[in-house]
Amino acid sequence: MASSTTRNARLRPPSPLSPHLIPADNAPTTSSLQQLLAHAHDRYAAHPHSTSREELWRVLTRLDEWTTKMVEYGYVQPVVHSSGATQSHQHHHHQQQQQQQQQKRTSSILEAWLLGGCIAYSLGDMNRAIEWNYRILRVDPNYVESMSNLAAALRALRRNSEAEVWWTRAVRLRPTYWDAADHLFSLLCAQHRYADAANVLAYVEQHAVPTAVPAADLARYLAIIHAKGTLLYALGNHVAAADAFARVLALAAGYADADYDSPDSKITLARLMQRAKTALASKRGGRLLLTPQEAQACLSDVFDGDLPGVRSVADAQHRQSIAQTTANTLLTLAKILQDAIAAGVAGGGDNTNANQQASTDGKTANASTLVQIIGRIPTAFDVLPLYYLSLALHPSPSTANNIGILLASLAPALPMPAEHSLALEYYRYGLSLDSRHPHLYTNLGSLLKDQGRLAHAVAMYERAVACDPNFDIALANLANAVKDQGRVAEAIGYYRRAVAANPGFDEAACGLSNALNSVCDWTGRGSCGVELRGVDADGNVCLNRTDGWMARILSIIDTQLSTALAWGRGIIGTEYAKIVQEIVLACGYAGMDDARLTPWLAELVGAQQSGQDEGAKLVELIEVAARRARWRWYNDLYGTGHVADKSNYHRPHLPESLPLPAAPTVLPFHTFTIPFTALQVREICRRTALRVSVTSARYHWLPKNVYPPPPPPNAYLKVGYISSDFNNHPLSHLMQSVFGLHRQSAGTSHAVYGICYATTPSDGTSYRQKVEMDAHEFVDVSGWSTQAVVERIVRDGIHVLVNLNGFTRGARNEIFACRPAPLSIAFMGFAGSLGAEWSDYILADRITMPPSAVRHQRPENRDRILRHHNCVNQDSWAYFEDVVFCKNSFFCCDHRQSAPDAEAEAIPADDETRWKTELQRRDAMRADLFPNLAPGTIILANFNQLYKIDPSIFVTWLRILARVPNAILWLLKFPDLGSSHLQSFAERWAGPEVACRVIFTEVAGKDTHLLRSRVPDLFLDTPECNAHTTATDVIWAGTPILTFPRYDHKMCSRIAASVVVSASTTGAALPRRLIASSEAEYEERAVELCAAGGAAGELLRLRKELFLGRSEAAIFDTSRWTRDIEKAYWMMWDRWVRRGGTVTIGEDEDRNLYL
């Protein structure tokens, strides 16, 4: 029922109610009725605290009796609503008095009926409430309060259509009767008739002139407009929503005057933000990064006290209500802008990070919408003042949370250490307002995780989940964190809870699928891509295409990559003149009409007109321009001899309004084990690289000019190696001798001076010690900021910077994006393209990287500035970088120097003696590891981590076991949970006889692993993602590898084939037997090779060839590999000196290098 039950502003104090209030014979009086009304109001107001239901029934009965008596006496007359004309002068004074007395009696009776209807409603007697309100409306058809109360009773009986009619009448008659408008709005929203609800509020707003709204009603009026804006925002009409919010702000900020006419948001926001910035500039030293305490005081800074528009409002509660409505308006308006920034100002952009789920349902404003709202594409620094004012008006944990999210997104660019970040302060401040706010705990946890404080992050996520056990984002973040701690089983549980809480939460679905895949829990996985077999929801193997969570991951990525094409849409048109000027300055062109600018303008216009990939192409163009600026500086200094001021070598900047792009939900590393297409792999890497590019471009410490180039090489080329893996890690196992071998290049035409930059502290192992001792220089930068590392590389004069991480754990790709060296190359750490303009070259060979998969090998991709140009829909190539093609395998392996049996290999002996000794060692170790094996048993093996195994290849292995009854399959408990799942799968699919021949052992240390790799008769490779380091281990031990390079576009699926070819010393016969061209051929070849057993026949012959040839095999010739890479560095440098100023890819130019 309506909260206002009477038209009178105040009632007289109640007087005692006599049981004989209605005399039997005397006529009732109006004054007696007023006494009864006062008492009834008192009792009604006290219900249910001090008035019982029985007493209310008595009050209602007496009101009924009294008003009935008055009706009988003829005291009720129909109310006639005049048109506003004055009464005739012919009316007599006596008639006027009688009319006034009659109106007073009628008014009292109507008021009594109105109150009686409210009492009946509160007692649950809806029919009586309806009856009493109908009494009123028969007398006064325009009695708005009664209409609203009648509608409330009808709605309580679910007679919604009738209720709607009466509330609509009430609103039409009196738009400022706020109760009716509120109830009608609520009814329409409950019926999901949001457009109709918005129209109701628009009608109220249109007919209530704001400058004429009484101060006492201003709070309700602003609440109505705010509700309208909120509804329009939910409907995705951001411009109209922003205009509604602007109206609230204009009234609250005192911008409304007699000529006020619903200002658009651009005017109001421009005035408000300019006022805020001016105030902060004068009172906060121009700072826009305020602490929570400073933000709470900014209302005084901006308005010199209270909101100007509410200073005439006397009632404290009304003032508080207005402040809260204004705060909520600022909060929602800021969130519209923040969501658009986070989503890449492209409708439906996806912001998949630890703090927020992105809007992908069209509710995120796009670039053109933002221009209509604010007059331009905003930056985070436009949003912050709105949040500060909201917090000052109404301290809210949600506002503190949103400020924290915004500041966390700016963290790389903030001039303060991460551990003292303002985001942290706002999260903690928010928790001081609400200690059970799950979003604050979640975002605080994400910030702590970003700072490397994983255990603290887990604790915050756990508190978030304790506050809200079904909070999907907190559950997914907790799962990610405990997975990083190695607690995979717990992670799977949290992922499942996140997906159950929100089945549409893509990040949780991807996390769950990755975790399940890592432990070979394939139930419900389905099949997709080129997979021959899948697993259905019941755990059964299916030969046909089956939907499941793997297919969902591919669908999610397709959607995200399609959406990502809209990132930055509109930015070139909005910022065109500034962008062109940045390119002109960086390239050293004469001006905007310089002919050399033509290809740049063509790229810009093409990107803008295509409507796709606009933001990405802009970033890549700016990076190309920066690269040219660096080359110009070098050429001026050491080529032409022209010495110019460093300001001539401008570092081109991205527009501030270009937001940080979203990274795909699937990490580049996870593409190794998911059957993605070339396009999907390429774009996942590229989108990840773009996020690194934009983040790095915003570092506040970057100089205005590009970094100065190093001087020309004198006696040697300076090469810097950056890695987090100069410890007991496969990278060091494989490359540990390379850095010392560089010393042997001194005095040659390919001399290299190597400096290693370690981004992780020493683990004290011999691997770390050897690299530290052998390298020309070794710098532990594990505790250094990105700025410190970049500036050290610049001071060291590095010519070529080597990325040994790529997209693996511990990577510091932002260092490369800052371009501290003229050239960069990536290899060994990540088996794939980085998809980045800040990565110039990739090392490969013709087996791991077929020409068809290379971007510059394709004619349609030439004669352009950008590597990507119009290739967004090409699904055949995967590699952006220029390629250095090695003659042999690109893969480096140091076993000839560092394997535990390497010294024995160096002892002079004839081949037969070496072979005989090896067989004896192998037999002894075999007996030690498997003492109960029957003679003639063939040992098949795979020593990869179990995440590389997919259902299709595992079924193939089980089929091989079934066809070779004297064989066992040796796998590792890597991890243990995965081994139990594989064992169960084998029993279910192949039966106990085959399953019992799948044997798991613990993971061994590196030296033991290398020695026992001689024990298997045949190593069965994983086609989706091959053995890499493990392939070199087993080949060194002499064990043949059967591999199948499943894809042309995935290097990770082709490395074992490259290793096999480079291990052969007798031509193509060995690779032909060990490299299959299909999964079916893989199975048949395995059975063929096992036919004669392991102690004789082809397997033994292949083993002998591999073992005796390892001293000559190219794959183990680290010295040769080092000489080759040194020559590659020099070739890269020479090309840069000669052609570094060229920005287009020539029509017939092959940008790759061949050793």
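On a predicted model such as this, the values are computed, not experimentally measured, just so you know.

A word on the sheet that holds strand β14 (residues 1041-1042). Pairing within the open sheet is parallel, and its five strands lie in the order β12-β11-β10-β13-β14. Here the strands that pair on one side only, and so sit at the sheet edges, are β12 (998-1001) and β14. The pairing of strand β13 (residues 1018-1020) with β14 spans two bridges and is parallel. Along β14, the bridge assignment pairs F1019 with I1041. Set on the sheet, helix α45 (residues 1079-1090) makes contact with β10 (938-941), β13 and β14; between it and β13 the angle comes to about 165°.

By the criterion of burial, strand β8 (residues 841-845) is predominantly enclosed, with five of the five residues buried. Across the two faces of β8 the burial is the same, with Y841, L843 and D845 and I842 and A844 all buried.

With that out of the way, let us pick up the side chain of T1030. Along the chain, T1030 turns up in helix α42 (residues 1029-1036). The class of T1030 is buried, set by a relative accessible area of 14%. Setting aside anything within four residues of it in sequence, one finds T1030 in contact with F943, N944, H1009 and F1019.

Before going further, it helps to examine the sheet that holds strand β5 (residues 777-780). On the basis of which strands lie adjacent, the open sheet formed by eight strands has the order β5-β4-β3-β6-β7-β8-β9-β15 and parallel pairing. Taken across any chain shown, the strands that pair with only one partner, and hence form the sheet edges, are β5 and β15 (1153-1154). Across four bridges, strand β3 (residues 717-723) lies against strand β6 (residues 800-803) in parallel orientation. Bridged to G720 within β6 is L801. On the sheet, helix α32 (residues 766-774) packs against β4 (752-758) and β5 and is oriented at approximately 125° with respect to β5. Strand contacts of helix α33 (residues 786-796): β3, β4, β5 and β6, with the helix running at about 170° to β4, the strand carrying the most contacts.

So, about the packing of helix α28 (residues 614-638) against helix α47 (residues 1118-1139). Closest axis-to-axis distance for the α28/α47 pair is 9 Å, and the angle between their directions is 85°. Taken as axis vectors, α28 and α47 run roughly perpendicular relative to one another. Residues R630, W631 and Y634 of α28 form the contact with α47, whose participating residues are W1133, W1136 and V1137. Among the residues forming the contact of α28 with α47, the class breakdown is five nonpolar, no polar and one charged.

Moving on, we get to the confidence of the model for the protein. One rule of thumb: low pLDDT means the predicted coordinates there are not for detailed reading. Per-residue confidence for the protein gives a mean pLDDT of 86, with 88% of residues at or over 70. The low-confidence segment residues 2-25, where pLDDT is below 50, has 43 contacts with residues more than four positions distant or belonging to other chains. Note on residues 413-419: pLDDT is under 50 here. Beyond four places in sequence and across chains, it has 13 contacts.

Note that E1098 resides in helix α46 (residues 1097-1109). Each C-alpha atom of the pair E1098 and R1073 lies 9.7 Å from the other, and the pair is 25 residues apart in sequence. Setting aside residues no more than four positions away along its own chain, E1098 makes contact with R1073 and L1089. Looking at E1098, its side chain comes within polar contact range of the side chain of R1073, at 2.6 Å.

Here the focus is the pattern of salt bridges. A complete count under the given rule lists 59 salt bridges for this structure. Of the charged contacts, one joins R687 and E683 as a salt bridge, the two residues approaching to 3.3 Å between their closest N and O atoms. Placement of the pair is R687 and E683 together in helix α29 (residues 678-697), with a separation of four residues, close to one helical turn. Just as R687 is buried, E683 falls in that class too. Residue D950 is joined to R1046 by a salt bridge in which the shortest nitrogen-to-oxygen separation is 3.6 Å. Here the residue D950 occupies a position in the loop between β10 and α38 (951-963), and R1046 occupies one in the loop between β14 and α43 (1055-1063), the gap between them amounting to 96 residues. In this structure R1046 comes out as buried when scored by relative accessible area, which is 11%. If you follow the salt bridges from partner to partner, you end up with R1073, E1081, R1085, E1088, E1098, R1101 and E1105 in one network.

This part covers the nonpolar core. With 179 residues, the main nonpolar core has L63, L407 and F676 as its most contacted residues. In terms of nonpolar packing, the next biggest core, distinct from the first, is built from 151 residues, A689, L731, F930 and L1102 among them.

Ring pairs (aromatic) are described by centroid distance and by the angle formed between their planes. For the structure on display, the rule yields 30 aromatic pairs. Put simply, the rings of F669, F672, F807, F830 and Y947 pair up and form one aromatic cluster. Over the ring of W166 we find R169, and its NZ or CZ is 4.4 Å from the ring centre.

α28 packs onto helix α27 (residues 598-610) with a crossing angle of 165° between their chain directions and a minimal axis gap of 9 Å. Classed by the angle they form, the pair α27 and α28 counts as roughly antiparallel. In this structure, α27 crosses over α28, and the sense of that crossing is left-handed. Residues W600, E603, L604, A607, Q608 and S610 of α27 touch α28, and the partners they reach there are E614, K617, L618, L621, V624 and A625. For the contact of α27 with α28, the class distribution of residues is seven nonpolar, two polar and three charged.

Here is what the cut-offs are and how they apply
Residues numbered from 1 in each chain as written. Predicted model: local features only at pLDDT ≥ 70, side-chain atom pairs only at ≥ 80, totals over all residues. Heavy atoms only, no water. Pairing = 2+ DSSP bridges. Helix = DSSP H or I, 4+ residues; strand = E, 2+ residues; numbered from the N terminus. Contact = heavy atoms within 4.5 Å. Axes fitted to C-alpha atoms, helices over the stretch in contact; angles between N-to-C directions. Buried < 20%, exposed > 50% of the residue type's maximum accessible area, 1.4 Å probe, protein only. Parallel < 35°, antiparallel > 145°, perpendicular 65-115°, else oblique. Nonpolar A, V, L, I, M, F, W, Y, C, P; charged D, E, K, R; others polar. pLDDT = per-residue confidence, 0-100. Polar contact = N/O pair within 3.5 Å; in protein donor to acceptor, adjacent residues only side chain to side chain. Salt bridge = Lys/Arg side-chain N within 4 Å of Asp/Glu carboxyl O. Core = buried A, V, L, I, M, F, W, Y, C linked by side-chain atoms within 4.5 Å. Phe/Tyr/Trp six-rings, centres within 6.5 Å; stacked < 30°, edge-to-face > 60°. Lys NZ or Arg CZ within 6 Å of the ring centre and 35° of its normal. Left-handed = near helix turned anticlockwise from the far one by under 90°.

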